[in-house]
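Analysis of the macromolecular model
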Amino acid sequence: QQLSTELNTEEIADQLVGAAIEAAGKNRGKLAAMINAIIASCCGSCDASGGGGDDNNDTLRPSSDSHPQIALDILSIMDEMHSMDSEVMIVPDIVSLSLVYYSLQHQNEHQHEHQNGHQNTQGLHELESQDILERAQRLAKKMAGSQRRKALAAERRRGVSSNNGMDSREVERKLQSLYGPDMRVLQETEDVIVISKPSGMVTYHTKKTTAGTISKKKKKKRRDNSDGDGKGGGKRMDISLVDALLDVPIALSTLNPTARGVVHRLDRGTSGSIVLAKTDEVHLKLVASFFLRKAKKKYLALVPGYGINNGMNNAGDDGVDNLDSKQLTMGSTGVMEGPVDGRPARSSYEVVKVFEGEQQQQQPTPEALLLKVETLTGRKHQVRVHCASLGRPIFLDPLYYSPSSESQSEEKPTTRGERKKMQKKKRPPSVMNNADESSVVASMIPKEITDFGDSNGQQERFFLHAASLSIPELDISVDAPLPTWWVETMDQLDNT
């Protein structure tokens, strides 16, 4: 802020880049990370009001303190650096470009609301926004690789129109005929499509496998052998959500070349709401919205009613709720905090349903709890890690749930590498096959859960559901109905 009052934007940009170069030395990766962080800081500031009235959600938003012009000047400096030395490949990432685009759009809309001789400035912001969009498209093309570039070029030549004239309900019926009744279209516009993803379906494949390849023969066999639950017959299909939508066909943004339209993801075993971008312009807006924490996500998690001492529990003397140390009842609320992948993470929870079970005199605590969890930060596996570290691991979670406290305490996956190693060691997808172990914890698992775990096969499903997604600025507000297998299991728990 002090620099902005003493220097013009070009001078500020030059000083910031110079400081980054000096601090990074010869480490180009560090330099790129620092410059991208500087660009991001120019386009967003922390607003303690929570951006929507939620005092617990420190939402980032472009404001009067944001300086997209400084970010634009930094981009110009990066272009000059590359032109002088072609080996200096310091390029902005998609998040930085999204934030600049979003900030320019935000300023343009603000000036449009207060039109007093600002027509020229509005036109300039529109040109600058278009330049950022084209930068992002060039970056995506460079990242795509030759095969994906050829595929995209072929798609453009065919001129396939999105949906082939089908409305959202027809698209949903087509998807359900192949992937089961839990695949739903929650909202669709010209710019986005919001899907309720079934458990067991991966959002996108990093590497295409035979099982993940769509063919007419596979689709016919799926429809012929399916009994309405989407399982089909023969070998299991492993089609990703992205490939399933492209096959409809649904036009998806090309800015994420390895995962068309994807701006956030759900784990394979998690069901529920996920938004995908259909246009490149809205792709940038969505990336910025998630980064600035304007997207509100709420989950439902089915967890044990008892606390499990699994070796991951946090102490409760730092203001963080330790669910293992307290009796939870209907309506109990609190905040779960703790690092995920070494980064700060925060979630709030509320108990929305209690499954009492039977033999209450012998078992004073409930069999299971249904938690509503809102993520106040966006970390991979955040809800799963928080529930596990606080003594309430999500039922059937193959990474963080084990009916044996001893087996859980032997290995605690805290980093991405450790999780991958653990996935290889564990037999997928359900650790519930150990439920016959002579441990107290195993004996307390509801029979309805163990029965489902034994029949879970290779579906890789667990009890975590992205129940709602809201992004007010893009008029996105959806609630995803519970999967059919959730409803069946919860009905059985209710009847015990």
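Residues numbered from 1 in each chain as written. Predicted model: local features only at pLDDT ≥ 70, side-chain atom pairs only at ≥ 80, totals over all residues. Heavy atoms only, no water.

**Remarks on the nonpolar core**
Formed by 57 residues in total, the largest nonpolar core has its most connected members in L175 and L302. Ignoring sequence-local partners within four residues, the contact set of L175 consists of G180, M183, V185, I195, A244, L245 and V248. Ranked by size, the runner-up nonpolar core spans 37 residues in total, among them A13, I74, M81 and L104. (Core = buried A, V, L, I, M, F, W, Y, C linked by side-chain atoms within 4.5 Å. Buried < 20%, exposed > 50% of the residue type's maximum accessible area, 1.4 Å probe, protein only. Contact = heavy atoms within 4.5 Å.)

**Overview of the pattern of salt bridges**
One pass over the full model with this rule turns up 13 salt bridges. One salt bridge in this structure joins R384 and D267, with 2.9 Å as the shortest N-O distance. In this pair, R384 is assigned in helix 11 (residues 382-389) and D267 in the loop between helix 9 (241-246) and strand 5 (271-277), connecting sequence segments 117 residues apart. Of the charged contacts, one joins R384 and D397 as a salt bridge, the two residues approaching to 2.7 Å between their closest N and O atoms. Taken together, the positions of R384 in helix 11 and D397 in the loop between helix 11 and helix 12 (405-410) put the pair 13 residues apart, joining distant regions of the chain. The exposure class of D397 is buried, given its relative accessible area of 0%. Salt bridges sharing common partners tie together R265, D267, R384 and D397. (Salt bridge = Lys/Arg side-chain N within 4 Å of Asp/Glu carboxyl O. Helix = DSSP H or I, 4+ residues; strand = E, 2+ residues; numbered from the N terminus.)

**Some details on unusual backbone geometry**
The bulk of non-glycine residues show a negative phi, and the bulk of peptide bonds are trans. Following V248, the chain continues into P249 via a peptide bond in cis, with omega recorded as 10 degrees. Relative to the helices and strands, P249 resides in the loop between helix 9 and strand 5. Here the phi dihedral of D341 falls at roughly 55 degrees; this positive angle occurs in a residue that is not glycine. Tracing the backbone through its elements, the reader meets D341 in the loop between strand 7 (333-337) and strand 8 (346-355). The phi torsion at D475 lies on the positive side, around 55 degrees, for a residue other than glycine. Topologically, D475 is positioned in the loop between strand 10 (464-471) and strand 11 (476-479).

**Notes on the side chain of R379**
Residue position: R379 is located in the loop between strand 9 (368-375) and helix 11. As a buried residue without a salt bridge, R379 has its nearest oppositely charged side chain in D341, at a separation of 8.5 Å. (Lys, Arg positive; Asp, Glu negative; His and termini not counted.)

**Topic: helix 10 (residues 280-291)**
Look at helix 10: 17 Å from first C-alpha to last across 12 residues, which is about the 16 Å you get at 1.5 Å a residue. Most of helix 10 sits out of view: 9 of its 12 residues are buried. Phi for R293, located one or two positions after helix 10, is positive at around 60 degrees. (Expected span 1.5 Å × (residues − 1).)

**A closer look at the confidence of the model for the protein chain**
Summing up the model confidence of the protein chain, the mean pLDDT is 77 and the portion of residues at 70 or higher is 65%. Mean pLDDT values for the elements of the protein chain range from 39 in helix 12 up to 98 in strand 10. The low-confidence segment residues 227-235 (pLDDT under 50) makes 16 contacts with residues lying over four places distant or belonging to another chain. Long-range and interchain partners of residues 424-443, a stretch whose pLDDT sits below 50, account for 42 contacts in this model, where long-range means more than four residues apart. (pLDDT = per-residue confidence, 0-100.)

**Some thoughts on the packing of aromatic side chains**
Under the defined criterion, the tally for this structure stands at 3 aromatic pairs. Judged by centre distance (5.3 Å) and plane angle (55 degrees), the rings of F463 and W486 are tilted. Of this pair, F463 sits in the loop between helix 15 (447-454) and strand 10 while W486 sits in helix 16 (residues 484-495), and the two are 23 residues apart along the sequence. For F463, a relative accessible area of 0% puts it in the buried group. A network of ring pairs unites the aromatic residues F463, W485 and W486 as a single cluster. The ring of W485 carries R461 above its face, with NZ or CZ at 5.0 Å from the centroid. (Phe/Tyr/Trp six-rings, centres within 6.5 Å; stacked < 30°, edge-to-face > 60°. Lys NZ or Arg CZ within 6 Å of the ring centre and 35° of its normal.)

**What about the environment of E473?**
One can find E473 in the loop between strand 10 and strand 11. Placed 184 residues apart in sequence, E473 and S289 show a C-alpha to C-alpha distance of 8.5 Å. In contact with E473, not counting residues within four places along its chain, are Y102, S289 and K294. A polar atom in the side chain of E473 sits 2.2 Å from the side chain of Y102. (Polar contact = N/O pair within 3.5 Å; in protein donor to acceptor, adjacent residues only side chain to side chain.)

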